[in-house]
Amino acid sequence: MLQTLEPVRAITLADIHDARTRIAKSILRTPLIPLDLGPAYPDVRLKLENLQPTNSYKLRGAVNAVAMLSQPERERGVWTISAGNAGQGVAYAARQAGVPCTVVAIETAPKSKIERMRALGARLIPVSYATAWKALGDRAFPGAVGTFVHPFDDHNFIAGHATMGLEILEDAPDTVAVIAAIGGGGLITGVGSALKASNPGIKVWGAEPETAAPVALSFAAGSIQPFKDWKPSFVDGAGGQSVFPRMWERMRPVVDGCIVVTLEETKRAMRLVAEKARVIAEGAGALALAAALTGKAGRGPLVAIVSGGNVDLSKFCELISDMR
């Protein structure tokens, strides 16, 4: 049976401050560090969300969303759909709340993400990408029981992500633009909501890989466009075949546009983060830096959100070594 969804509404500063209080004991206030590449490059700072306890920003939204469930909703257990990072976040939050968790997991997710979800106590139901994408729209899947926590189209999930925007403004008030990878759109909607409500002059840019860039196409056309040439890649946590209508409605007021980067540019950004910051970024986690280095977001100061670091180490080494 189809669910009746509440209308999309703006994420307010009150929502964000409340979420910040709610999740404070569960998440890390991540550092914002300069990336000094010399005068030929934009002035970039890295927001290291890959240092969260689950190595991804998704923990912010998951903790807030699970905390906002009623007691009867928690008692039924929770479930979500994920390529790995949202699944880890919801499993972590569910474990803290003492409730069971099921993840409908995209079967091509990196082994490290699969193992981490299991280690956090989640029951996994492996499915194909296409099946998972359909389930995201249906908000239902056979065998997944309990209260569904949508991994991006959820007001409370997005409000949790928005807390990152407050930290960026406090730590770098001179920021002129912030760049975030776009998968479902929850990260950029949350951060963009916090930034635009506080300083409407700040630019908010999305980043997508060349193999999966429906948001960039949609911004160029002014309406939702499918990405017909979608291809899977190591950037498994961002990009997609299409944009959910509700997420398009959420993004448009708070996002200025989207920058598409090549897979080679993404690999180069992964290597730079490792060399300069001594931290590991997964493909999606390096997209924002790759976009910043194109120069399309300006000279800065820019903040590039390193959204996650969950990548198999063997694959990481292969990617940063295999550069043209």
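Residues numbered from 1 in each chain as written. Predicted model: local features only at pLDDT ≥ 70, side-chain atom pairs only at ≥ 80, totals over all residues. Heavy atoms only, no water.

Draft legend 1. Spotlight on the pattern of salt bridges. Taken as a whole and judged by the stated rule, the model has 21 salt bridges. Across the pair Glu170 and Arg29 runs a salt bridge, and its minimum N-O distance is 3.0 Å. Of this pair, Glu170 sits in helix H7 (residues 155-171) while Arg29 sits in the loop between helix H1 (13-23) and strand S1 (32-35), placing them 141 residues apart in sequence. For Arg29, a relative accessible area of 38% puts it in the partly exposed group. In this structure, Glu49 and Arg60 form a salt bridge, with 2.7 Å as the shortest nitrogen-oxygen distance. (Salt bridge = Lys/Arg side-chain N within 4 Å of Asp/Glu carboxyl O. Helix = DSSP H or I, 4+ residues; strand = E, 2+ residues; numbered from the N terminus. Buried < 20%, exposed > 50% of the residue type's maximum accessible area, 1.4 Å probe, protein only.)

Draft legend 2. Looking closely at the packing of H1 against H7. Between H1 and H7, the shortest axis-to-axis distance is 8 Å and the interhelical angle comes to 90 degrees. Regarding the angle of H1 to H7, the classification is roughly perpendicular. Contacts between H1 and H7 involve Leu13, Asp15, Ile16, His17, Ala19, Arg20 and Ile23 on the former and, on the latter, His155, Ala159, Gly160, Ala162, Thr163, Leu166, Glu167 and Glu170. A breakdown of the residues in the contact of H1 with H7 according to their chemical character gives seven nonpolar, four polar and four charged. (Axes fitted to C-alpha atoms, helices over the stretch in contact; angles between N-to-C directions. Parallel < 35°, antiparallel > 145°, perpendicular 65-115°, else oblique. Contact = heavy atoms within 4.5 Å. Nonpolar A, V, L, I, M, F, W, Y, C, P; charged D, E, K, R; others polar.)

Draft legend 3. Examining the pairing of strand S8 (residues 203-209) more closely. Of all seven residues in S8, five are buried; the element is thus mostly enclosed. Alignment of strand S7 (residues 177-181) against S8, held across five bridges, turns out to be parallel. Looking at the pairing, Ala181 lines up with Ala207 of S8. As for the winding sense of the linkage, the β-α-β connection from S7 through helix H8 (residues 186-198) to S8 is right-handed. Relative to strand S9 (residues 257-261), S8 runs parallel, the two sharing five bridges. The residue of S9 that forms the bridge with Glu208 is Val260. (Pairing = 2+ DSSP bridges. Right-handed = clockwise from strand over helix to strand, strands pointing away.)

Draft legend 4. Expanded view of the environment of Ala292. By the secondary structure assignment, Ala292 is in helix H12 (residues 283-293). Relative accessible area serves as the criterion here: at 0%, Ala292 is assigned to the buried category. Separated by 155 residues in the primary sequence, Ala292 and Gly137 place their C-alpha atoms 32 Å from one another. In contact with Ala292, not counting residues within four places along its chain, are Pro42, Val44, Ile179 and Leu302.

Draft legend 5. Spatial organisation of the pairing of strand S3 (residues 78-82). In terms of residue burial, S3 counts as a mostly covered element, since five of its five residues are buried. The side-chain alternation of S3 yields two buried faces, one formed by Val78, Thr80 and Ser82 and the other by Trp79 and Ile81. Where S3 meets strand S4 (residues 101-106), five bridges bridge the pair, whose relative direction is parallel. Within the sheet, the bridge partner assigned to Ser82 lies in S4 and is Ala105. In this fold, S3 hands off to helix H4 (residues 85-97), which returns the chain to S4; that crossover is right-handed. Relative to strand S6 (residues 147-148), S3 is paired through two bridges, and the arrangement is parallel. Bridged to Val78 within S6 is Thr147.

Draft legend 6. Summary view of helix H9 (residues 214-221). Taken together, the buried positions of H9 are occupied by Pro214, Val215, Ala216 and Ser218. The inward-facing, buried residues of H9 contact S8, helix H10 (245-251) and S9. Directly after H9, the chain includes Gly222, whose backbone phi takes a positive value near 80 degrees.

Draft legend 7. Representation of H8 in the model. Between the first and last C-alpha of H8 there are 19 Å, a value that for 13 residues agrees with the 18 Å anticipated at 1.5 Å per step. Among the 13 residues that make up H8, eleven are buried, leaving the element largely enclosed by the rest of the structure. Along H8, the residues that are buried comprise Gly186, Leu187, Ile188, Thr189, Gly190, Val191, Gly192, Ser193, Ala194, Leu195 and Lys196. Taken together, the buried residues of H8 touch H1, H7, S7, S8, H10 and strand S10 (302-306). (Expected span 1.5 Å × (residues − 1).)

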